[in-house]
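These are the residues of each chain, in order.
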Amino acid sequence: MSLNAKEFLLGKENPDVMKLGYIEISLLVMALAAVVLFVTGSSRRRGWCGAIAFVQWLSYILVSNELFTFTIGQMQGATFQNELLPLWGAFMLIVFGQVHSFSAYSPEDNEQWKKYSWIISLQSFFVAGMVSLYSETTKQRYWVIPILGCMGIEAEEKIAALKMAARSSLAENTKPISAFMSSEHRISIVGEPDPIQMNGYNYLVTGDRVEMFEVMRPQYQMQLNVARDEVVTLQKLWQCQGRLLTGETGQQLKDICFSFALFKLLLRRFGGQPFSESSLDKTWQLVRNGLLEKEGDYERALRVIEVELSFLFDLFYTKYAVIFKGGQGFRGRKILSTLFLVGFGVFIAREFLINYKPKTHELNLITTHGVNVDTRVTGIIIVGILFMAIAECLCLIVSNWAMVLFICNYVRGIYDCNYLMLLLTKMVLLRHRCFKPWGRKLGQYSLLKSFHRDPLKYEFRSFLSEFWPSLSDLVDVRQGRAGNTKIELPEEVKKAVILNLRTINDRNLSNGEKSLRQNDVRDELLWACSLETPTHVILVWHIATSLCKIATTPNSLRNGNFVVATRLSDYCAYLVAFAPRLISDNATDSEFIFDEVLKDCRGSLKECKSDRDKYEKIMSMLGGQETIIHEGARLANDLQRLQNESDFMWKVLADFWAELMLFVAPSGDPRAHVEHLAEGGEFVTHLWALLSHAGVLNNG
């Protein structure tokens, strides 16, 4: 029975027509959502605007379970026959697990890998049930079975990806690398370590699989023989004389593998494993005299950490890690599955777009011009699946994961430097130039400009808190949290902060005292570094910096020190207001202190209209009741009395903020950093990772 598509639009007293229409619309929406996730998946770490982020979240929800459950329910409850239903169900299963670049929306999703396993099992059971219903009447049953096989491979990959990033798996999987690093310094004794040529640095690039370790009794310690051919270390990599690893291109390829080795070490912070090498001098020298050998190396250091964090992002949010770390079996099944899916998809597309003829007793949607809507929907879904399969295969080939695998096989002598290898390296490096690993944005928040601004009207905020508390928890409706912006990370800020590491000799971070001593203003300003918590220090210096900015004449605002001081001041205030878990202070205490300071600002400055009014009001508070606002006014007064030249004041502030930025970076909450990676990443996360590899795990 072929029905006009107009009947679906009008309802025409036929609920079966409506149900079939809803099914086909759901299929198209699910396919569109999968394409959205594919297009925006890996680029999440570069950040999106709020609207795109919402569309991404909605697409993830639709693809994950809800829309599938609704559609499969409609199919099973249908009183009509359509032999395409089991095929559509199989297609939905493929879409459900196909998107490699978007396996999880948040780290919490990875903890639900068992739940996902049950969901995919039940959904497969439902689709198999539909196949059995049509087993005697349609040849499409023969097409569904191999598609279900491809779906099984996709589902296995997603389950393995979720499980790999779960807390329990991280603790287990990081045990071998932790055991190796506890004795790496003893097996790497070759004289004085050289962090430039990597002599004495047997950090593992590949070779950390459990089966490659031996258990040494009676201590029952895991040990690895780095001389094994399967093991590639940084020292082996830097000693390789192949022409692929020479020159500037060779250094860039080595740095990708360097990032991968550091990524493996950083994972121990998520698995609860110790950083055994943190107290060794060679660990500090790797960053101080290796990555930051020259003053101009700050850009290289940032690039190495960026790529390292891209590996970390892929582990928690994509399938790439499990495809490449799962061994040759995973990669082999992936290649065969993709080839089969493409070939079989082309065959099915040809059958439906050219040769398919619906049976007369079945329900189909036909347009007034005789176009079969069912076959068009099927064709669109097939094309979407094929597009994603081919595109994601290409993305895997030019990924950093593939590059590490190829380079390690090249070092081992398995691959030669042929035309294909050179082409691949050029494609990978071109992708690095065109697409940055993260957005390189710096959040900005000015307390004096935004204390009176609310994200939502007070009445709406009260309504959410009273009648819809679950939504109020999802949306930040706290007072004073509006007005934050993102700017391009200034070159002066990158250079000032990262090169500040080169001035540290004993790995003991300072909360600004050292910079005051170097500028010979310690006696005048030390009191402002000796406050109760890092949050107190940040807010007092932020208020003082804002006041000095208001008092500074416009002609001096192009100064490099001014840029460093004001941008870092607003960034640290942004971290306190919006990401307190990323700084080395108790997040709950930070939020409480910030909220109380907001109340003080609202009470004291509510009549002020302009920045100048705020400046005069705050400076008039000197000598009054001691609050963070009063202390900020006192510090601003002390800063402006240092010298008549404003450039010196801004140099003091720039040096202070560059030093304090490093001081607050060693956070003890690694999962907070991973959560922010999916929102575009934070500059402080890069400093946290860099300091971890320098052996600085806290600011004590």
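Note that this is a predicted model, so its numbers are computed, not measured. Sequence positions are assigned chain by chain, starting from 1 and proceeding in written order. Per-residue local features are limited, in this predicted model, to residues with pLDDT of at least 70; the limit for side-chain atom pairs, both in listing and counting, is 80 or more; totals at the level of whole chains, interfaces and linings are taken over all residues. By convention in this description, side-chain values take in all heavy atoms of the structure and omit both hydrogens and water.

Another point: helix H28 (residues 587–605). Since the α-helix turns once every 3.6 residues, residues separated by three or four places project in the same direction. A run of H or I in DSSP becomes a helix once it reaches four residues, and a run of E becomes a strand once it reaches two; helices and strands are each numbered from the N terminus. Here, expected helix span is obtained from the residue count minus one, scaled by 1.5 Å. Between its terminal C-alpha atoms H28 stretches 26 Å, which fits the 27 Å expected from 19 residues at 1.5 Å a residue. Contact partners of the buried residues in H28: helix H20 (447–450), helix H26 (534–551), helix H27 (560–578), helix H29 (611–619) and helix H30 (628–640). Residue Asn-586 occupies the N-cap position of H28, its side-chain oxygen lying 3.0 Å from the main-chain nitrogen of Thr-588. The contact criterion used is simple: two residues touch if any of their non-hydrogen atoms lie within 4.5 Å. Here a polar contact is taken to be a pair of N or O atoms separated by no more than 3.5 Å, where protein atoms must pair a possible hydrogen donor with a possible acceptor and residues adjacent in sequence count only if both atoms sit in side chains.

In this section: the environment of Met-427. By the element assignment, Met-427 lies in helix H19 (residues 419–434). Three labels apply to residues, based on accessible area from a 1.4 Å probe with only protein chains included: buried if under 20% of the type maximum, exposed if over 50%, partly exposed otherwise in between. Taking relative accessible area as the criterion, Met-427 reaches 39% and is therefore assigned partly exposed. Distance from Met-427 to Ser-399, taken between C-alpha atoms, is 9.4 Å for residues 28 residues apart in sequence.

Here we take up the nonpolar core. Note on terminology: a nonpolar core comprises buried Ala, Val, Leu, Ile, Met, Phe, Trp, Tyr and Cys residues joined through side-chain atoms within 4.5 Å. By size, the foremost hydrophobic cluster in this structure holds 169 residues, and its most contacted members are Leu-312, Trp-541, Leu-639 and Met-661. The greatest single-element share of this core, amounting to 14 residues, is contributed by helix H31 (residues 646–664). Excluding residues within four positions of it along the chain, Trp-541 makes contact with Leu-516, Leu-525, Ala-528, Cys-529, Ser-569, Leu-635, Leu-639, Leu-653, Phe-656 and Trp-657. Of all hydrophobic cores here, the second largest spans 57 residues; its members include Ile-23, Tyr-60, Tyr-116 and Leu-162.

Here we come to the state of the cysteines. The term disulfide is used for any two cysteine sulfur atoms that are within 2.5 Å. Summed over the entire model, instances satisfying the criterion amount to zero disulfides. In this structure Cys-393 is not part of a disulfide, and its nearest cysteine sulfur, from Cys-395, lies 9.3 Å away.

Surface patches are drawn from residues lacking salt bridges whose relative accessible area is over 30%; two like charges belong together within 9 Å, two nonpolar side chains (Val, Leu, Ile, Met, Phe, Trp, Tyr) within 5 Å. Accessible areas in this description were obtained via Shrake-Rupley with a 1.4 Å probe; residue shielding takes into account the shown protein chains only. Each reported salt bridge corresponds to a side-chain nitrogen of Lys or Arg within 4 Å of a carboxyl oxygen of Asp or Glu. A cluster of nonpolar side chains, namely Tyr-22, Ile-25, Val-29 and Phe-70, defines an oily patch on the protein surface of about 340 Å² accessible area. Per element, the largest residue contribution to the nonpolar patch is three residues, and it comes from helix H2 (residues 15–40). With respect to the helices, strands and loops of the structure, Tyr-22 is situated in helix H2. For Tyr-22, a relative accessible area of 40% corresponds to the partly exposed category.

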